[in-house]
Amino acid sequence: MADIIDLTFLADVRRFFNKLIDQRGLSYFLQKDGARLFHIEPSKVELVLRTALRTRDPELPRPHEKAIEYCRKEVRRELIRRVANAMLQTGL
């Protein structure tokens, strides 16, 4: 069976993610404590998904779990890309 991707939900998630990263910056999504530098905090990724779900039109059905998981992976991929870019900029 093909993967289910809700494009409207994905667009909402990307929009909220971009707003949040523009307002708070990349460091907002990274853990402050711990030995691992540049570790993505899962609760911040979930915050983006919950916000997109909450602001969704109530008449629309809830997105399929696979669609939500796909969006979660997309946000993580974008964060990893931005972290890697930031590491290259600082020379780590």
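Preceding this paragraph is the structure being described.
One structure accompanies this document, and this report is about it.

## A word on the packing of aromatic side chains
Piece 1. Applying the stated rule across the entire model yields 2 aromatic pairs.
Piece 2. Their ring planes at 55 degrees and their centres at 5.4 Å tell us that Phe17 and Phe29 sit as a pair that is tilted. Highlighted residues: Phe17 in helix H1 (residues 7-24) and Phe29 in the loop between H1 and helix H2 (42-54), separated in sequence by 12 residues.
Piece 3. Here Phe29 falls in the buried class, since its relative accessible area comes to 0%.
Piece 4. Ring geometry for Tyr28 versus Phe29: centroids 5.5 Å apart, planes at 85 degrees, classification edge-to-face. For the pair formed by Tyr28 and Phe29, the shared burial category is buried.
Piece 5. Here Arg15 stacks its cationic end above the ring of Phe16, 5.0 Å away from the centre of that ring.

Definitions and cut-offs
Residues numbered from 1 in each chain as written. Predicted model: local features only at pLDDT ≥ 70, side-chain atom pairs only at ≥ 80, totals over all residues. Heavy atoms only, no water. Phe/Tyr/Trp six-rings, centres within 6.5 Å; stacked < 30°, edge-to-face > 60°. Helix = DSSP H or I, 4+ residues; strand = E, 2+ residues; numbered from the N terminus. Buried < 20%, exposed > 50% of the residue type's maximum accessible area, 1.4 Å probe, protein only. Lys NZ or Arg CZ within 6 Å of the ring centre and 35° of its normal.

This is a description of form; function is not addressed.
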